[in-house]
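Tertiary structure, described
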2 protein chains.
Amino acid sequence: MSSLKVGLLGLGVVGGGTWKVLTGNAQEISRRAGRGIEVVAAAVRDLEKACGLVGDTVRLTQDGMQVVRDPEIDVVVEVVGGDTVAREWIMEAIAQGKHVVTANKALLARHGNEIFAAARAQGVMVAFEAAVAGGIPVIKAIREGLAANRIQWLAGIINGTTNFILSEMRLRGLSFHEALAEAQLLGYAEADPTFDVEGVDAAHKLTLLASLAFGIPVQFNKTHAEGISTLAREDIAHAERLGYRIKLLAITRRSERGIELRVHPTLIPAERLLANVEGAMNAVLVSGDVVGPTLYYGQGAGELPTASAVVADLVDVARMQAAPADHQVPHLGFRADAIDDAPVMPMDDVVSSYYLRLRVEDRPGVLADLARILADASISIGSMFQEPHGDADADIIFLSHEAREGNVNDALRKIQGLPFVKSKVTRLRMENLL
Amino acid sequence: MSSLKVGLLGLGVVGGGTWKVLTGNAQEISRRAGRGIEVVAAAVRDLEKACGLVGDTVRLTQDGMQVVRDPEIDVVVEVVGGDTVAREWIMEAIAQGKHVVTANKALLARHGNEIFAAARAQGVMVAFEAAVAGGIPVIKAIREGLAANRIQWLAGIINGTTNFILSEMRLRGLSFHEALAEAQLLGYAEADPTFDVEGVDAAHKLTLLASLAFGIPVQFNKTHAEGISTLAREDIAHAERLGYRIKLLAITRRSERGIELRVHPTLIPAERLLANVEGAMNAVLVSGDVVGPTLYYGQGAGELPTASAVVADLVDVARMQAAPADHQVPHLGFRADAIDDAPVMPMDDVVSSYYLRLRVEDRPGVLADLARILADASISIGSMFQEPHGDADADIIFLSHEAREGNVNDALRKIQGLPFVKSKVTRLRMENLL
């Protein structure tokens, strides 16, 4: 069979990695795919630099439209990122009847519904294993491997930058800003780290995972994203002493009350597997009603791990390229006519346990007042720790049982207004998981 | 589209689970598969008992041949186990042009080459996700998700019975026989536990994983299987004190010298993820040259987790049933004409680190003699521990650096013959992994 002809949009880190893997492992890949997979054209910013990498084996252009309209090309690999030209090029590739492989979580999280609908109309695949958790085949696992299950929930560490920062804060006692500087030095964080540290990148990925797990539309605008930039090193240390670790978890859960979609720093018991995922590694815990909890772990980013996912998608495309479209796995794992518009729950309705920390004047009646406000809001306290701070103050930590977040917020507003409360109240969520 | 018609061979634990999942999750499954998946006939031993489970919705027979020759049936699910009737029925189903889903690792590990060849000739799928690690989609991960990689090695805990026994021995200080009795009481071990505790079941599964990882023929007869029945609780305790845990690992590795295929109790550093897989859980660590190490974790056995894998395979069949066979993923992930007959290494040529324990008379010159024999066999010692036993003896533990197993065996034969050696020398392998 003739080789699969690939057009690359972008030849940066992931694009370059894809080219390296396709050439370096060409033999092993064709042992699997039964045909070669060959990059024949690439749209790049810097022609000279690109030529230095790929030589004259690949037609180079600065115009992505030229690649997506190239009649020789069977499949377009989009690795430029962003949602401007990437979106136009992908939509045009689909219009041209070409399959698409992309690593672009931001684009799919915002415009996935439109892109998948267009692809369906044309009968082409849009594969995106590389968009979540790098080379870990977690999209394939959810989309196909767990197809027997009603997925109940999933929770993942799907941003390596923040996991690296949290590991450094815990293991070396660094502040957030010190650990961020370290991550930037090592290339784990970008110069403008906002997308990573504020949870936006994880929220993009969670949006996709939730659609794959439950068969719901992609809806990034309903995903709650909270980052780690305001985490204090004291809270990491307190958590550690209490037997917990703080991780930036992306959590989605389906219940009769709706779908939870939330990214936030979370205390989890230190003995859980997820708690022991350190550094820039990723892991996703997926629980199905039949299979129970399953975990997928590996490198979530980087040139070669991400290329591993891009090329696995290309092998799928190589096998299915000429098959009638009704044999393809649907883009989100569920048939388009079975996508379910279950409501996404507002954060106020989410039920979680909470870690609350505040500084108060150390005088009689303080605890009674706090306990009364919590009790009035139906918040039950599992444990409480108090230690003196200086001569006149005390630091208090409450670990609550499960409570409705709206009630917690109401109670915290009241507590924050009390005259003896001398700090902003820190509120972190806790999950027991597995 | 009309529903996929399934014939079940066996309605025991896994067969019953498959029926329950297909009926209980029928709606979610057809949201994914785009069509129903319906059990229309089943071959069972006990008609009355079967009727109690499935009522009159399924045609029941005691003759498997009747099911595999039933013209209404699209796909046969073989969950009777063993390699007598199961083999005949599967071969006849293939001859009849039916797709096959099976959980039968023993059969595939011994007769997989013949079965896959017959299936290829007929253009039918033989899917076996349920044969390894229950509901964890690790076969799909290796076969498709990591298709960009030259897999380098994998190491797995793929027998829940032995992992449960080892966990109990470590956590509760039980002997092997005490822990086995406990496992039998809880239903984790069978009345005749030989296949599990002697590593045969894990070797069956490893045989399949190695073929999927490297594209080599299935060759159970070359797989080294060593179980845990002779493991002493002292060794578990010593390992723990030295910072290791003992797990029954199934290991396969590809190097220029050939393929390693081995199942044996193994010391691994206690902080590794695999070391923290407790109870009856399974986990497989797969390392590819591009993706790096990845890990897959979950329940490796039981009615519903195993049925999760069977039904996921059925969803794949439902999508691909009518597609031309050249669009199917090859049975072992590699095209048949690209299967590579790399030699399997004899155990004597395997290189590993070793834990050696022996009791000796406590007198001058003993250590010198031992050290000389080890040095002469090119075995370098990383650390050594000695403690007195009674008045006149001492227990010695050596942890070696990497050495060739044949050299270790030669040295141990010499050591065993020394007049001051008062016990059988315990030899366990150590792997650093990740």
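All values derive from a computational prediction rather than experimental measurement.

**Regarding the overall build of chain A**
Within chain A one finds 15 helices and 17 strands. Expected size for 434 residues packed as a compact globule is a radius of gyration near 22 Å; at 24 Å, chain A falls within 12% of this value. Judged by the C-alpha coordinates and their principal axes, chain A covers about 80 × 45 × 35 Å. Going through the 434 residues of chain A one by one, you find that 55% of them count as buried.

**Comments concerning the relation of the copies chain A and chain B**
The two copies are related by a screw operation: chain A maps onto chain B through 180° of rotation and 0.0 Å of translation along the axis, at an RMSD of 0.0 Å. Such a combination of turn and shift is consistent with a two-fold rotation axis. Closest approach to the rotation axis within chain A is made by the C-alpha atom of Y296 of chain A, at a distance of 2.5 Å. Residue by residue, 100% of the interface of chain A is reproduced at the interface of chain B, so both copies engage with the same surface.

**Topic: helix α6 (residues 105-122) of chain B**
Residues and elements named next belong to chain B. Here α6 is 18 residues long, yet its end C-alpha atoms lie only 22 Å apart, well below the 26 Å a rise of 1.5 Å per residue gives. H111 marks where α6 bends most, by close to 85°. Among the residues of α6, those classed as buried are K105, A106, L107, L108, A109, G112, I115, F116 and A119. Looking at the buried residues of α6, the elements they touch are α5 (85-95), β5 (99-102), β6 (126-127) and α11 (200-214). G123 sits one or two positions beyond α6 and adopts a positive phi of about 70°.

**Considering unusual backbone geometry**
Of note, the phi angle at S378 of chain A is positive, near 60°, even though the residue is not glycine. Residue position: S378 of chain A is located in the loop between α14 (366-376) and β14 (381-389). Unusually for a residue other than glycine, A133 of chain B sits at a positive phi of about 60°. Considering the arrangement of structural elements, one finds A133 of chain B in the loop between β6 and α7 (138-145).

**Observations concerning the nonpolar core**
Core analysis: the largest hydrophobic core is formed by 304 residues, its most contacted members being A42 and L314 of chain A together with A42 and L314 of chain B. A42 of chain A has contacts with G7, L8, L11, A50, V54, V58, L60 and V67 of chain A, leaving out every residue within four places of it along the chain.

**A look at the sheet that holds strand β1 (residues 4-9) of chain B**
Residue and element names in this part refer to chain B. If you trace the six strands from one edge of the open sheet to the other, you get β3-β2-β1-β4-β5-β6, paired in parallel fashion. Edge positions in the sheet fall to β3 (59-61) and β6, since each has one partner strand and no second. Across four bridges, the pairing between strand β4 (residues 75-78) and β5 is parallel. Along β5, the bridge assignment pairs V75 with H99. Of the strands in this sheet, β1, β2 (37-43), β4, β5 and β6 are in contact with helix α13 (residues 303-320), which crosses β5 at around 165°.

**Points about the sheet that holds strand β5 (residues 99-102) of chain A**
Strands sit in the order β3-β2-β1-β4-β5-β6 (chain A) across an open sheet of six strands; the sheet is parallel. Because the sheet does not close on itself, it has two edges, and the strands there are β3 (59-61) and β6 (126-127) of chain A.

**Let's talk about the interface of chain A and chain B**
Note: interface size is frequently given as the accessible area lost on complex formation between the parts. Chain A puts 50 residues into the contact, and the matching count from chain B is 51 residues. Contributing elements (two or more residues each) for the side of chain A that touches chain B: α2 (26-33), α7 (138-145), β12 (292-299) and α13 (303-320) of chain A. In the side of chain A that touches chain B, the residues fall into 26 nonpolar, 15 polar and nine charged. Judged from the three bridges that link them, β12 of chain A and strand β12 (residues 292-299) of chain B form a sheet pairing that is antiparallel. Opposite L295 of chain A, over in β12 of chain B, you have Y297 of chain B as the bridge partner.

**Considering the packing of α7 of chain A against helix α11 (residues 200-214) of chain A**
Residue and element names in this part refer to chain A. Packing of α7 against α11 brings their axes to within 8 Å, and their N-to-C directions diverge by 20°. Between α7 and α11, the crossing angle belongs to the class labelled roughly parallel. Relative to α11, the crossing made by α7 is left-handed. Counted together, I139, I142 and R143 of α7 and L209, L212 and A213 of α11 form the full contact between these two elements. Along the lines of polarity and charge, the residues of the contact of α7 with α11 split into five nonpolar, no polar and one charged.

**Topic: the domain arrangement of chain A**
Residues and elements named next belong to chain A. Under the domain assignment, chain A is made up of domain 1 (4-135 + 303-338), domain 2 (138-299) and domain 3 (347-429). The gap between the C-alpha centroids of domain 1 and domain 2 is 26 Å. Contacts between the two partners involve 20 residues from domain 1, matched on the other side by 22 residues from domain 2. Per element, the largest residue contribution to the side of domain 1 that touches domain 2 is seven residues, and it comes from helix α6 (residues 105-122). Here the residues of the side of domain 1 that touches domain 2 are counted per class, giving 12 nonpolar, five polar and three charged.

**Observations concerning the pairing of strand β7 (residues 151-157) of chain B**
Residue and element names in this part refer to chain B. Burial runs high along β7: six of the seven residues are buried. As judged from the six bridges shared by β7 and strand β11 (residues 281-288), these two strands associate in the antiparallel manner. Paired with I157 across the bridge in β11 is A283. By the bridge criterion, four bridges tie β7 to strand β9 (residues 244-255) in an arrangement that is antiparallel. Paired with A155 across the bridge in β9 is I251.

**Details of helix α12 (residues 233-241) of chain B**
Residue and element names in this part refer to chain B. All of the buried residues in α12 are D235, I236, H238 and A239. Buried residues along α12 cover an arc of 165° about the axis, so they all sit on one side. Exposed and facing more than 90 degrees away from the buried side of α12 are E234 and R241. Taken together, the buried residues of α12 touch α8 (160-172), β9, β10 (258-269), β13 (351-361), β15 (393-400) and β17 (426-430). G243 occupies a position one or two residues after α12 and carries a positive phi of about 90°.

**Structural notes on the pairing of β14 of chain A**
Residues and elements named next belong to chain A. Sheet analysis places β14 next to strand β15 (residues 393-400), joined by eight bridges and oriented antiparallel. By the bridge assignment, S383 is partnered in β15 with L399. Connecting β14 to the antiparallel partner β15 that follows it, the hairpin turn spans three residues, and G390 within it adopts a positive phi of roughly 65°.

**A look at the environment of I165 of chain A**
All names here are of chain A. Secondary-structure assignment places I165 in helix α8 (residues 160-172). By the C-beta count within 10 Å, which is 30 here, I165 ends up buried. Through-space distance from the C-alpha of I165 to that of V197 is 9.0 Å; in sequence the pair is 32 residues apart. Apart from the residues lying within four places of it in its own chain, the contact partners of I165 are F176, A179, L180, A183 and I228.

Rules used throughout
Residues numbered from 1 in each chain as written. Chains lettered and ligands numbered in written order. Predicted model: local features only at pLDDT ≥ 70, side-chain atom pairs only at ≥ 80, totals over all residues. Helix = DSSP H or I, 4+ residues; strand = E, 2+ residues; numbered from the N terminus. Rg over C-alpha atoms; globule rule 2.2 N^0.38 Å. Buried ≥ 20, exposed ≤ 12 C-beta atoms within 10 Å, placed from the backbone. Least-squares fit on C-alpha atoms with pLDDT ≥ 70 in both. Contact = placed C-beta atoms within 7 Å. Expected span 1.5 Å × (residues − 1). Bend = angle between axes of the 7 residues up to and from the residue. Core = buried A, V, L, I, M, F, W, Y, C linked by C-beta atoms within 7 Å. Pairing = 2+ DSSP bridges. Axes fitted to C-alpha atoms, helices over the stretch in contact; angles between N-to-C directions. Nonpolar A, V, L, I, M, F, W, Y, C, P; charged D, E, K, R; others polar. Parallel < 35°, antiparallel > 145°, perpendicular 65-115°, else oblique. Left-handed = near helix turned anticlockwise from the far one by under 90°. Domains from an automatic or database assignment. Arc of directions from axis to C-beta.

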